[in-house]
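Read off the chains here:
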Amino acid sequence: MVLSDCKVLELPKFLDERGNLSFVEQLNHIPFEIKRTYWLYDVPGGECRGGHAYKDNQELIIALSGSFDVVLNDGTEKKVFHLNRSYYGLYVPKGIWREMENFSTNSLALVLSSTKYDESDYIYDYDEFVKLKCDGKI
Ligand code: TYD
């Protein structure tokens, strides 16, 4: 997968005087079944998360509250996605290096994942990631 496969998806939203509502359905708004959900919260100012790629896992990242940047890199080029609305989700396919940074105070990042947690699916070494990309293995 390459950077052009990474997309900000606009999710449905029902604007209402009583408060707004958004939702996401697997295989409808996103191209995968959701096997796991996790969230990042209480991230201290200046901290970064991520710093890895997945061999198989795909994700949708939503800024449920506050804002942060997701830096995506396919081994050739890099792009920064600023997320700050709860009705946008960033789709990240497998085989993309990613970092998350510039978390605002009280931000909440919700992540929908296509696989259960599997440590062996992670690539933590950037040079190894680039080599696997060059060899067409991920
Ligand atoms: P990690 O994925 O490295 O966090 P991030 O990419 O957001 O910086 O995960 C941090 C720790 O949490 C790691 O020890 C594994 C654990 N973890 C789980 O047990 N289950 C999960 O679903 C996730 C995402 C992480």
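The rules we used
- Residues numbered from 1 in each chain as written.
- Predicted model: local features only at pLDDT ≥ 70, side-chain atom pairs only at ≥ 80, totals over all residues.
- Heavy atoms only, no water.
- Helix = DSSP H or I, 4+ residues; strand = E, 2+ residues; numbered from the N terminus.
- Rg over C-alpha atoms; globule rule 2.2 N^0.38 Å.
- Buried < 20%, exposed > 50% of the residue type's maximum accessible area, 1.4 Å probe, protein only.
- Contact = heavy atoms within 4.5 Å.
- Areas by Shrake-Rupley, 256 points an atom, 1.4 Å probe, with all protein chains shown as cover.
- Lys, Arg positive; Asp, Glu negative; His and termini not counted.
- Charge placed at Lys NZ, Arg CZ, Asp CG, Glu CD.

Chemist: Looking at this structure, I do not really get the overall build of the protein. What am I missing?
Modeler: A tally of regular secondary structure across the protein gives one helix and 12 strands. For the protein, the N- to C-terminal ordering of α and β elements is β-β-β-β-β-β-β-β-β-β-β-β-α. What you see for the protein is a C-alpha radius of gyration of 15 Å, in line with the 14 Å of a compact globule of 138 residues. C-alpha atoms of the protein, sized along the principal axes, occupy 55 × 35 × 25 Å. Per-residue burial for the protein yields a buried fraction of 38% across its 138 residues. Put simply, 76% of the contacts in the protein that link residues at least 6 apart link residues at least 24 apart. By element, 47% of the accessible surface of the protein is carried by carbon and sulfur atoms, the whole surface being about 8,100 Å². Of note, the protein has its 16 positive side-chain charges centred 3 Å away from the centre of its 22 negative side-chain charges.

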